[in-house]
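Report on the structure
Each chain, written out:
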Amino acid sequence: NAGVTQTPKFQVLKTGQSMTLQCAQDMNHNSMYWYRQDPGMGLRLIYYSASEGTTDKGEVPNGYNVSRLNKREFSLRLESAAPSQTSVYFCASRGLTGSGYTFGSGTRLTVV
Amino acid sequence: DAKTTQPNSMESNEEEPVHLPCNHSTISGTDYIHWYRQLPSQGPEYVIHGLTSNVNNRMASLAIAEDRKSSTLILHRATLRDAAVYYCILRDLLNTNFGNEKLTFGTGTRLTIIP
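**A look at the state of the cysteines**
One pass over the structure, following the stated rule, counts 2 disulfides over all chains. Bridging Cys 23 of chain A to Cys 91 of chain A, the disulfide has an S-S length of 1.8 Å. Across the S-S bond linking Cys 23 of chain A and Cys 91 of chain A, the dihedral sits near -75 degrees, which makes this disulfide left-handed. Within this pair, whereas Cys 23 of chain A is found in strand β3 (residues 19–25), its partner Cys 91 of chain A is found in strand β9 (residues 87–94), the two being separated by 68 residues in sequence. Overall, Cys 23 of chain A belongs to the buried group, its relative accessible area being 2%. The partner cysteine of Cys 22 of chain B in its disulfide is Cys 88 of chain B, sulfur to sulfur 2.1 Å. Around the S-S axis, the bridge from Cys 22 of chain B to Cys 88 of chain B shows a dihedral of about -85 degrees and counts as left-handed. Within this pair, whereas Cys 22 of chain B is found in strand β2 (residues 18–23), its partner Cys 88 of chain B is found in strand β8 (residues 84–92), the two being separated by 66 residues in sequence. Of the two residues, Cys 22 of chain B and Cys 88 of chain B, both sit in the buried class.

Dropping the structure here:
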């Protein structure tokens, strides 16, 4: 099925460990996004990529890096995980015009 | 960016209509009104959007005030599967067309459906 695929779905990290969250979309969308959602809160934008080859910071970029590997894939890396990064991470994409955003099912990350 | 205001929570009985309000008094002429919803343990999903006229689709209807300072998402016959957090979001057409748009979420309205 067409959509946004995120891996892994769940992850537990120790403080200081690193990991990369993967996101891929098969809808030929230009723009891709990474959000985090903490309990009881709305989504906050971490980084986004308006098109292949470009990335920009969102509202809460500290502690994260991103790579737009190609048009399909947009990864989020935590170089040194901290407990404050415990959250649910959502990847999203959209086409060039005013179409709706398509979100992945999320990665639930716990940092202990 | 123009902001929206929604009630924190609402309840409705199953199989009855639900009206979810949203205030956006600082909306600009190029802002589209979008609604997303987030079911438990899932990512948000698109529901409906509009600019000036009322809109209908298979999921819901969107009623937009004449001055565009408020809107209402209408679920015509709520089911238990409609229990979710509903987000009202403004999207600036100018940013949308240039690809550098950043969708900003508030805390939304948590809708509870009573069987």
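**Description of the pairing of strand β6 (residues 61–64) of chain B**
A regular strand places its side chains on the two faces of the sheet in alternate fashion. All names here are of chain B. Here strand β5 (residues 55–56) runs beside β6; their pairing, made up of 2 bridges, is antiparallel. In the strand pairing of β6, Val 55 is matched with Leu 62. The hairpin formed by β5 and β6 contains 4 residues between the paired strands. Where β6 and strand β7 (residues 70–75) come together, 4 bridges link them in antiparallel fashion. Opposite Ala 63, over in β7, you have Thr 72 as the bridge partner. Linking β6 back to β7 in an antiparallel pair, the connection comprises 5 residues, with Arg 68 at a positive phi of about 65 degrees.

**Here's the deal with the pairing of β2 of chain B**
All names here are of chain B. Burial along β2 is one-sided: Val 18, Leu 20 and Cys 22 are buried, and none of His 19, Pro 21 and Asn 23, which face the opposite way, are. The pairing of β2 with β7 spans 6 bridges and is classified as antiparallel. By the bridge assignment, His 19 is partnered in β7 with Ile 74.

**Observations regarding the side chain of Arg 68 of chain A**
Residues and elements named next belong to chain A. As for its position among the elements, Arg 68 is in strand β7 (residues 65–68). Lacking a salt bridge, the buried Arg 68 has Glu 52 as its closest oppositely charged neighbour, with an N-O distance of 6.3 Å. A polar contact of 2.7 Å, which involves the side chain of Arg 68, links it to the side chain of Ser 49.

**Topic: the pattern of salt bridges**
In the structure shown here, the tally under the stated rule is 6 salt bridges over all chains. Residue Arg 36 of chain A pairs with Asp 38 of chain A through a salt bridge whose shortest N-O separation is 2.9 Å. Asp 38 of chain A gets classed as buried once you look at its relative accessible area, which sits at 13%. Here Asp 82 of chain B makes a salt bridge to Arg 37 of chain B, at a shortest N to O gap of 2.9 Å. Of this pair, Asp 82 of chain B sits in the loop between β7 and β8 while Arg 37 of chain B sits in strand β3 (residues 31–38), placing them 45 residues apart in sequence. This pair shows no difference in class: Asp 82 of chain B is buried, exactly as Arg 37 of chain B is. It is possible to trace a salt-bridge network through shared partners that takes in Arg 36, Asp 38 and Arg 44 of chain A.

**Description of the environment of Ser 18 of chain A**
All names here are of chain A. One can find Ser 18 in the loop between β2 (10–13) and β3. Taking relative accessible area as the criterion, Ser 18 reaches 36% and is therefore assigned partly exposed. Placed 61 residues apart in sequence, Ser 18 and Glu 79 show a C-alpha to C-alpha distance of 4.6 Å. Setting aside residues no more than four positions away along its own chain, Ser 18 makes contact with Leu 13, Arg 77, Leu 78 and Glu 79. Polar side-chain contacts of Ser 18 include one of 3.2 Å to the side chain of Arg 77.

Cut-offs and rules
- Residues numbered from 1 in each chain as written.
- Chains lettered and ligands numbered in written order.
- Predicted model: local features only at pLDDT ≥ 70, side-chain atom pairs only at ≥ 80, totals over all residues.
- Heavy atoms only, no water.
- Disulfide = S-S within 2.5 Å.
- Helix = DSSP H or I, 4+ residues; strand = E, 2+ residues; numbered from the N terminus.
- Buried < 20%, exposed > 50% of the residue type's maximum accessible area, 1.4 Å probe, protein only.
- Pairing = 2+ DSSP bridges.
- Lys, Arg positive; Asp, Glu negative; His and termini not counted.
- Salt bridge = Lys/Arg side-chain N within 4 Å of Asp/Glu carboxyl O.
- Polar contact = N/O pair within 3.5 Å; in protein donor to acceptor, adjacent residues only side chain to side chain.
- Contact = heavy atoms within 4.5 Å.

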